[in-house]
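Listed below, chain by chain, are the residues.
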Amino acid sequence: MLNLVLFGPPGAGKGTQSEKLIAKYQLVHVSTGDLFRAHVKGETELGKKVSQLLADGELVPDAITIAMLEEEVDKNPDAKGFVFDGFPRTVPQAIELDLFLERKGSKIAGVIALDVDQDELTKRIAERHKTSGRPDDDAEKLKKRISEYFDKTIHVLPYYEEQGKLNKVNGIGEIETVYNDLCAVIDQYKV
Ligand SMILES: Nc1ncnc2c1ncn2[C@@H]1O[C@H](COP(=O)(O)OP(=O)(O)O)[C@@H](O)[C@H]1O
(Lines give C-alpha, C1' and ligand atoms only; values in the text may rest on other atoms or scores of the structure.)
Protein backbone atom coordinates (compact mmCIF):
# COMPACT_ATOMS: atom_id res chain seq x y z
CA MET A 1 0.00 0.00 0.00
CA LEU A 2 1.06 3.54 -0.71
CA ASN A 3 -0.13 5.69 2.17
CA LEU A 4 0.63 9.38 2.01
CA VAL A 5 -0.03 12.29 4.32
CA LEU A 6 -0.48 15.64 2.66
CA PHE A 7 0.28 18.25 5.24
CA GLY A 8 -0.05 22.02 5.33
CA PRO A 9 -1.89 24.98 6.81
CA PRO A 10 -5.44 25.95 5.82
CA GLY A 11 -5.43 27.09 2.21
CA ALA A 12 -2.18 25.34 1.28
CA GLY A 13 -3.86 23.43 -1.55
CA LYS A 14 -4.11 19.99 0.02
CA GLY A 15 -7.58 19.31 -1.39
CA THR A 16 -6.70 20.36 -4.94
CA GLN A 17 -3.50 18.36 -5.03
CA SER A 18 -5.07 15.32 -3.34
CA GLU A 19 -7.62 15.05 -6.15
CA LYS A 20 -4.87 15.00 -8.76
CA LEU A 21 -2.70 12.54 -6.83
CA ILE A 22 -5.45 9.98 -6.23
CA ALA A 23 -6.21 9.94 -9.96
CA LYS A 24 -2.58 9.35 -10.91
CA TYR A 25 -1.66 6.80 -8.24
CA GLN A 26 -5.14 5.23 -7.89
CA LEU A 27 -5.40 5.95 -4.21
CA VAL A 28 -8.36 6.75 -1.99
CA HIS A 29 -8.68 10.35 -0.78
CA VAL A 30 -9.53 10.69 2.90
CA SER A 31 -10.17 14.31 3.88
CA THR A 32 -11.36 14.60 7.46
CA GLY A 33 -12.58 18.14 6.70
CA ASP A 34 -14.74 16.86 3.81
CA LEU A 35 -16.02 13.97 5.95
CA PHE A 36 -17.00 16.28 8.80
CA ARG A 37 -18.70 18.69 6.39
CA ALA A 38 -20.68 15.80 4.88
CA HIS A 39 -21.84 14.75 8.36
CA VAL A 40 -22.91 18.32 9.14
CA LYS A 41 -24.78 18.60 5.85
CA GLY A 42 -26.43 15.20 6.34
CA GLU A 43 -27.39 16.19 9.92
CA THR A 44 -26.08 12.90 11.32
CA GLU A 45 -25.48 12.44 15.05
CA LEU A 46 -21.80 13.08 14.49
CA GLY A 47 -22.61 16.10 12.35
CA LYS A 48 -24.68 17.63 15.15
CA LYS A 49 -21.82 17.08 17.60
CA VAL A 50 -19.17 18.77 15.48
CA SER A 51 -21.02 21.47 13.57
CA GLN A 52 -20.30 24.27 16.04
CA LEU A 53 -16.61 23.34 16.30
CA LEU A 54 -16.28 23.40 12.52
CA ALA A 55 -18.10 26.70 12.21
CA ASP A 56 -15.78 28.19 14.84
CA GLY A 57 -12.60 26.88 13.21
CA GLU A 58 -11.74 24.69 16.21
CA LEU A 59 -10.39 21.18 16.03
CA VAL A 60 -12.75 18.30 16.68
CA PRO A 61 -11.62 16.15 19.67
CA ASP A 62 -9.10 13.46 18.76
CA ALA A 63 -11.23 10.46 19.79
CA ILE A 64 -14.09 11.48 17.46
CA THR A 65 -11.76 12.30 14.58
CA ILE A 66 -9.73 9.09 14.88
CA ALA A 67 -12.85 6.89 15.03
CA MET A 68 -14.26 8.53 11.90
CA LEU A 69 -10.95 8.17 10.05
CA GLU A 70 -10.57 4.50 10.92
CA GLU A 71 -14.13 3.80 9.81
CA GLU A 72 -13.46 5.48 6.47
CA VAL A 73 -10.28 3.49 5.88
CA ASP A 74 -12.07 0.26 6.80
CA LYS A 75 -14.74 1.04 4.19
CA ASN A 76 -12.06 0.64 1.51
CA PRO A 77 -10.47 -2.78 2.11
CA ASP A 78 -9.28 -3.08 -1.49
CA ALA A 79 -7.57 0.31 -1.67
CA LYS A 80 -4.06 0.46 -3.08
CA GLY A 81 -3.37 3.17 -0.58
CA PHE A 82 -4.67 6.43 0.85
CA VAL A 83 -3.98 10.12 0.66
CA PHE A 84 -4.68 11.52 4.12
CA ASP A 85 -5.63 15.19 3.82
CA GLY A 86 -6.19 17.20 6.97
CA PHE A 87 -5.25 14.23 9.14
CA PRO A 88 -3.31 13.83 11.39
CA ARG A 89 -3.68 17.32 12.83
CA THR A 90 -2.38 16.53 16.33
CA VAL A 91 0.43 14.31 17.64
CA PRO A 92 -2.03 11.86 19.29
CA GLN A 93 -3.76 11.50 15.91
CA ALA A 94 -0.39 10.77 14.26
CA ILE A 95 0.44 8.13 16.87
CA GLU A 96 -2.98 6.47 16.51
CA LEU A 97 -2.67 6.47 12.73
CA ASP A 98 0.67 4.65 12.95
CA LEU A 99 -0.77 2.06 15.33
CA PHE A 100 -3.89 1.59 13.20
CA LEU A 101 -1.89 1.04 10.01
CA GLU A 102 0.53 -1.24 11.83
CA ARG A 103 -2.39 -3.46 12.89
CA LYS A 104 -3.17 -3.77 9.17
CA GLY A 105 0.44 -4.64 8.35
CA SER A 106 0.85 -1.28 6.65
CA LYS A 107 2.47 2.11 7.29
CA ILE A 108 2.84 5.70 6.13
CA ALA A 109 5.20 5.85 3.16
CA GLY A 110 5.84 9.55 3.49
CA VAL A 111 4.53 12.91 4.58
CA ILE A 112 4.64 15.87 2.24
CA ALA A 113 4.30 19.34 3.72
CA LEU A 114 3.09 22.01 1.33
CA ASP A 115 4.99 25.17 2.14
CA VAL A 116 2.97 28.38 1.71
CA ASP A 117 3.56 31.66 3.53
CA GLN A 118 0.99 33.43 5.66
CA ASP A 119 0.23 36.28 3.20
CA GLU A 120 -0.51 33.91 0.37
CA LEU A 121 -2.75 31.74 2.61
CA THR A 122 -4.83 34.72 3.69
CA LYS A 123 -5.23 35.84 0.07
CA ARG A 124 -6.26 32.38 -1.12
CA ILE A 125 -8.83 31.82 1.59
CA ALA A 126 -10.36 35.28 1.08
CA GLU A 127 -10.76 34.35 -2.59
CA ARG A 128 -12.17 30.89 -1.76
CA HIS A 129 -14.65 32.39 0.71
CA LYS A 130 -16.47 34.11 -2.19
CA THR A 131 -17.57 30.76 -3.59
CA SER A 132 -16.98 28.02 -0.99
CA GLY A 133 -20.00 28.75 1.17
CA ARG A 134 -17.82 27.67 4.09
CA PRO A 135 -18.67 29.60 7.24
CA ASP A 136 -15.14 29.02 8.59
CA ASP A 137 -13.50 30.92 5.74
CA ASP A 138 -14.31 34.42 7.02
CA ALA A 139 -11.54 36.55 8.52
CA GLU A 140 -12.26 35.86 12.20
CA LYS A 141 -12.72 32.07 11.86
CA LEU A 142 -9.70 31.87 9.65
CA LYS A 143 -7.62 33.44 12.40
CA LYS A 144 -8.81 30.70 14.74
CA ARG A 145 -7.97 27.95 12.23
CA ILE A 146 -4.51 29.36 11.68
CA SER A 147 -3.92 29.59 15.43
CA GLU A 148 -5.09 25.95 15.85
CA TYR A 149 -2.58 25.06 13.15
CA PHE A 150 0.32 26.77 14.91
CA ASP A 151 -0.72 25.62 18.42
CA LYS A 152 -1.43 21.97 17.68
CA THR A 153 -0.85 20.83 14.15
CA ILE A 154 2.66 22.11 13.52
CA HIS A 155 3.96 19.65 16.17
CA VAL A 156 3.09 16.77 13.87
CA LEU A 157 6.03 17.78 11.64
CA PRO A 158 8.86 16.87 14.07
CA TYR A 159 7.03 13.60 14.81
CA TYR A 160 7.44 12.55 11.18
CA GLU A 161 10.82 14.20 10.79
CA GLU A 162 12.18 11.93 13.53
CA GLN A 163 10.92 8.97 11.52
CA GLY A 164 12.76 10.28 8.44
CA LYS A 165 9.44 10.56 6.58
CA LEU A 166 9.08 14.29 6.09
CA ASN A 167 9.46 16.06 2.75
CA LYS A 168 8.69 19.67 1.93
CA VAL A 169 7.36 20.97 -1.36
CA ASN A 170 6.90 24.61 -2.31
CA GLY A 171 3.13 25.17 -2.47
CA ILE A 172 3.34 28.53 -4.25
CA GLY A 173 3.18 28.60 -8.03
CA GLU A 174 1.09 26.99 -10.74
CA ILE A 175 -1.06 24.03 -9.63
CA GLU A 176 0.71 21.87 -12.26
CA THR A 177 4.16 22.86 -11.01
CA VAL A 178 3.30 21.99 -7.42
CA TYR A 179 1.73 18.73 -8.63
CA ASN A 180 4.85 17.76 -10.60
CA ASP A 181 7.02 18.45 -7.56
CA LEU A 182 4.74 16.27 -5.42
CA CYS A 183 4.87 13.44 -7.95
CA ALA A 184 8.67 13.59 -8.01
CA VAL A 185 8.72 13.07 -4.23
CA ILE A 186 6.08 10.30 -4.30
CA ASP A 187 7.87 8.41 -7.07
CA GLN A 188 10.83 8.11 -4.71
CA TYR A 189 8.62 6.41 -2.11
CA LYS A 190 7.67 3.79 -4.68
CA VAL A 191 11.18 2.59 -5.50
N1 LIG B 1 -7.79 15.88 11.83
C2 LIG B 1 -8.68 16.73 12.37
N3 LIG B 1 -8.76 16.88 13.71
C4 LIG B 1 -9.65 17.71 14.25
N5 LIG B 1 -10.51 18.47 13.54
C6 LIG B 1 -10.46 18.36 12.19
C7 LIG B 1 -9.56 17.48 11.54
N8 LIG B 1 -9.76 17.57 10.19
C9 LIG B 1 -10.74 18.47 10.01
N10 LIG B 1 -11.17 18.96 11.21
C11 LIG B 1 -12.25 19.96 11.38
O12 LIG B 1 -12.73 20.35 10.08
C13 LIG B 1 -12.43 21.73 9.79
C14 LIG B 1 -12.10 21.90 8.30
O15 LIG B 1 -11.01 21.07 7.93
P16 LIG B 1 -10.32 21.16 6.48
O17 LIG B 1 -11.35 21.15 5.43
O18 LIG B 1 -9.26 20.12 6.43
O19 LIG B 1 -9.68 22.60 6.57
P20 LIG B 1 -8.70 23.42 5.66
O21 LIG B 1 -9.42 23.75 4.40
O22 LIG B 1 -8.54 24.58 6.55
O23 LIG B 1 -7.46 22.65 5.47
C24 LIG B 1 -11.32 22.08 10.77
O25 LIG B 1 -11.25 23.46 11.03
C26 LIG B 1 -11.74 21.24 12.00
O27 LIG B 1 -12.83 21.84 12.68
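Look above for the structure.
Because the structure is a prediction, the values reported are computed rather than measured.

K.L.:
Could you clarify how one ought to interpret the overall build of the protein in this entry?
P.N.:
Within the protein one finds 9 helices and 5 strands. Going from N to C terminus, the protein has its helices and strands arranged as β-α-β-α-α-α-β-α-β-α-α-α-β-α. The C-alpha radius of gyration computed for the protein amounts to 16 Å, which stays within 12% of the reference 16 Å derived for 191 residues, consistent with globular compactness. With the principal axes as the frame, the protein shows a C-alpha extent of 45 × 40 × 30 Å. Burial statistics for the protein: of 191 residues in total, 48% are counted as buried.

K.L.:
What is the right way to read the site of the ligand from this model?
P.N.:
In the vicinity of the ligand there are 18 residues, among which Thr32, Arg37, Glu58, Gly86 and Arg145 approach most closely. Between the ligand and threonine 32, the relevant distance is 2.7 Å, taken from a nitrogen atom to a side-chain nitrogen or oxygen of the residue. Within the side chain of arginine 37, an N or O atom sits 2.8 Å from an oxygen atom of the ligand. For the ligand, whose accessible area on its own is 550 Å², the fraction buried by protein is 97%. Sorting elements by how many residues they give to the shell around the ligand places helix 2 (residues 32-41) first, with 4 residues. Grouping the constituent residues of the shell around the ligand by class yields 6 nonpolar, 5 polar and 7 charged.

K.L.:
Explain the environment of isoleucine 186 here, please?
P.N.:
Relative to the elements of secondary structure, isoleucine 186 occurs in helix 9 (residues 175-190). Owing to a relative accessible area of 0%, isoleucine 186 belongs among the buried residues under this scheme. The spatial distance from the C-alpha of isoleucine 186 to the C-alpha of valine 111 is 9.4 Å, given a sequence separation of 75 residues. Leaving out residues up to four positions away in the same chain, isoleucine 186 has contacts with Leu2, Leu4, Leu21, Tyr25 and Ile112.

K.L.:
I tried to follow the side chain of aspartate 136 on my own but got confused; where do I start?
P.N.:
As for its placement among the helices and strands, aspartate 136 is situated in the loop between helix 6 (118-132) and helix 7 (139-151). For aspartate 136, a relative accessible area of 9% puts it in the buried group. Polar contacts involving the side chain of aspartate 136 include one to the side chain of arginine 134, which spans 3.0 Å. Beyond its immediate sequence surroundings of up to four residues, aspartate 136 is in contact with Leu54, Ala55, Lys141, Leu142 and Arg145.

Cut-offs applied
Residues numbered from 1 in each chain as written. Predicted model: local features only at pLDDT ≥ 70, side-chain atom pairs only at ≥ 80, totals over all residues. Heavy atoms only, no water. Helix = DSSP H or I, 4+ residues; strand = E, 2+ residues; numbered from the N terminus. Rg over C-alpha atoms; globule rule 2.2 N^0.38 Å. Buried < 20%, exposed > 50% of the residue type's maximum accessible area, 1.4 Å probe, protein only. Near = heavy atom within 4 Å. Polar contact = N/O pair within 3.5 Å; in protein donor to acceptor, adjacent residues only side chain to side chain. Areas by Shrake-Rupley, 256 points an atom, 1.4 Å probe, with all protein chains shown as cover. Nonpolar A, V, L, I, M, F, W, Y, C, P; charged D, E, K, R; others polar. Contact = heavy atoms within 4.5 Å.

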